[in-house]
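Understanding the architecture of this molecule
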Amino acid sequence: MESTILFARQPIFDRGLNVFAYELLCRSGQQQSACPRAQDQASSEVLLNAFSNVEIGNVVGNRRAFINFTEELLHVSPLFGSRYLVVEVLESVVANESALSALKQLRASGFTVALDDFELSADSIPLLAHADIVKLDVLALDERRLAAHVRELRPYGVQLLAEKIETYGALERCQSLGFDYFQGYFLSKPKDFSGRKMAENRAPLMRLLAEIHRPGIEIHDVEKLIQQDPILSLKLLRLINSAAFNLVRQIRSLKEAITMLGIAQIRRWATLLSLYESTDKPLELSAATLVRARMCQLLAERLSPAETDLCFTAGLFSTLDAFLDAPIKDLLSGLSLSQELVASIVEGAGTAGKILTNVIAYEEARWEDLDLSEWIDLTEGDFAVAYTDSLEWVSRSLYGTHSEDTPANHDTQESASNVLRDPA
């Protein structure tokens, strides 16, 4: 999988011309141009790329990221934490009761709110009560109107950011007017930030969205839905292990991540993902991955019950190379996953790694590579039972069918990805 442009990053400077923060801007794939997508989708894409596809600390250091928010995104409520994110409210957001309530809640949660391309009017004034920073477009306002805006905004206690500074004269004029921050091509043009973009399977996501808002849904129900797609699972683990959550230890399993986030946070995350265009992978690949993960889990229940969640997650992520078309070592290196989990997948280390190695040997019919020397009470027959149970479980959870609808012949030389078929 080749590197692609995830977003553009433009610095915002303070009065001493030191970098205060960065604005992250949508970019279209490999094209060095602004996003042509609808604003909801463009903003959610930047959010996901910055906080999920890469480590946000590598993007902004110890500073924060200004990211555009539409009115719809204001109601999603960010799950990334206020440490790194500044909510930049687009000028298209109307100061109605709903939007003002959302902004009030965001600030109560510790988020800094900036108003983009602000112009004073009777309709826009209510937004000022819920803002920390106001951005003024120096190209859209002539000298008289710019000075009037600065004078009239000061009583509201907001900090002022001059954007679209394109000449030294404009910078000098805004400094003399008392602006706090400055942004524009004269100071620094946006620079593209590249990385590897992950796509999630839309079918599991749509099921998750349909179920996540069901009254009375339980954590274990959410876990079942998310674990049906490795990409969704990886994004969730990467998110909660990112610097944005400032955890004292790394989360090593999907169940642990879901429990820590809770249903309300998962609902926000799923809603955000639903706004973001993705590329599907074949359902059969998800099915084969789930067979492997479930088989690892079932064997761990017998051999090391304390590691069942870790073993399932290792099996789930062991096929990421097929999903993302890149070597597994390259994909896992640098990710915010526990070293134990990475070592089990890449090196076959620990109990989880040995179980995974044996499961892969079994599903590929490499009987001579099965190593049961450490598990004297485990036989090839136990692997066959675990494999059958895993096929049945995948049939129920992924297809909504029973095992008789899914052919499985343990004596064939076919791998799980060839055995498991979509009964439809």
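Since the structure is predicted, the reported quantities are computational estimates derived from the model, not experimental observations.

Topic: the side chain of threonine 308
- Tracing the backbone shows threonine 308 in helix α12 (residues 308-317).
- Judged by relative accessible area, which is 14%, threonine 308 ranks as buried.

Here's the deal with the pattern of salt bridges
- The tally for this structure, following the rule as stated, stands at 15 salt bridges.
- Each of the salt bridges in this network shares a partner with another, and the network as a whole consists of Glu23, Glu88, Asp116, Lys135 and Glu163.

Quick notes on the pairing of strand β3 (residues 65-69)
- With five of its five residues buried, β3 lies for the most part within the structure.
- Of the two faces of β3, the one carrying Ala65, Ile67 and Phe69 and the one carrying Phe66 and Asn68 are both buried.
- Strand direction decides the pairing type here: strand β2 (residues 19-25) and β3, joined by two bridges, are parallel. Note that in β3 the partner of glutamate 23 across the bridge is phenylalanine 66.

Section: the packing of α12 against helix α15 (residues 339-346)
- Axis separation between α12 and α15 bottoms out at 9 Å; the angle between their running directions is 55 degrees. Taken together, the axis directions place α12 and α15 in an arrangement best described as oblique. Between α12 and α15 lies a crossing of right-handed hand. Mapping the contact onto sequence places Leu310, Thr313, Ala314 and Phe317 in α12 and Glu340, Leu341, Ser344 and Ile345 in α15.

Here we look at the environment of asparagine 96
- Along the chain, asparagine 96 falls in the loop between β4 (85-89) and α4 (97-108).
- In this structure asparagine 96 comes out as partly exposed when scored by relative accessible area, which is 29%.
- It is 9.1 Å that separates the C-alpha atoms of asparagine 96 and leucine 127, two residues lying 31 residues apart in sequence.
- Within the structure, asparagine 96 has its side chain in polar contact with the backbone nitrogen of alanine 99 (distance 2.8 Å).

Examining the environment of aspartate 14
- Tracing the backbone shows aspartate 14 in strand β1 (residues 4-14).
- Along the primary structure aspartate 14 and phenylalanine 182 are separated by 168 residues, whereas in three dimensions their C-alpha atoms are 6.4 Å apart.
- Filtering out sequence-adjacent residues up to four positions away, aspartate 14 remains in contact with Phe20, Asp180, Tyr181 and Phe182.
- Within polar-contact distance, the side chain of aspartate 14 engages the backbone nitrogen of asparagine 18 at 2.9 Å.

Cut-off values and rules
Residues numbered from 1 in each chain as written. Predicted model: local features only at pLDDT ≥ 70, side-chain atom pairs only at ≥ 80, totals over all residues. Heavy atoms only, no water. Helix = DSSP H or I, 4+ residues; strand = E, 2+ residues; numbered from the N terminus. Buried < 20%, exposed > 50% of the residue type's maximum accessible area, 1.4 Å probe, protein only. Salt bridge = Lys/Arg side-chain N within 4 Å of Asp/Glu carboxyl O. Pairing = 2+ DSSP bridges. Axes fitted to C-alpha atoms, helices over the stretch in contact; angles between N-to-C directions. Parallel < 35°, antiparallel > 145°, perpendicular 65-115°, else oblique. Left-handed = near helix turned anticlockwise from the far one by under 90°. Contact = heavy atoms within 4.5 Å. Polar contact = N/O pair within 3.5 Å; in protein donor to acceptor, adjacent residues only side chain to side chain.

That is the geometry; function is a separate question.
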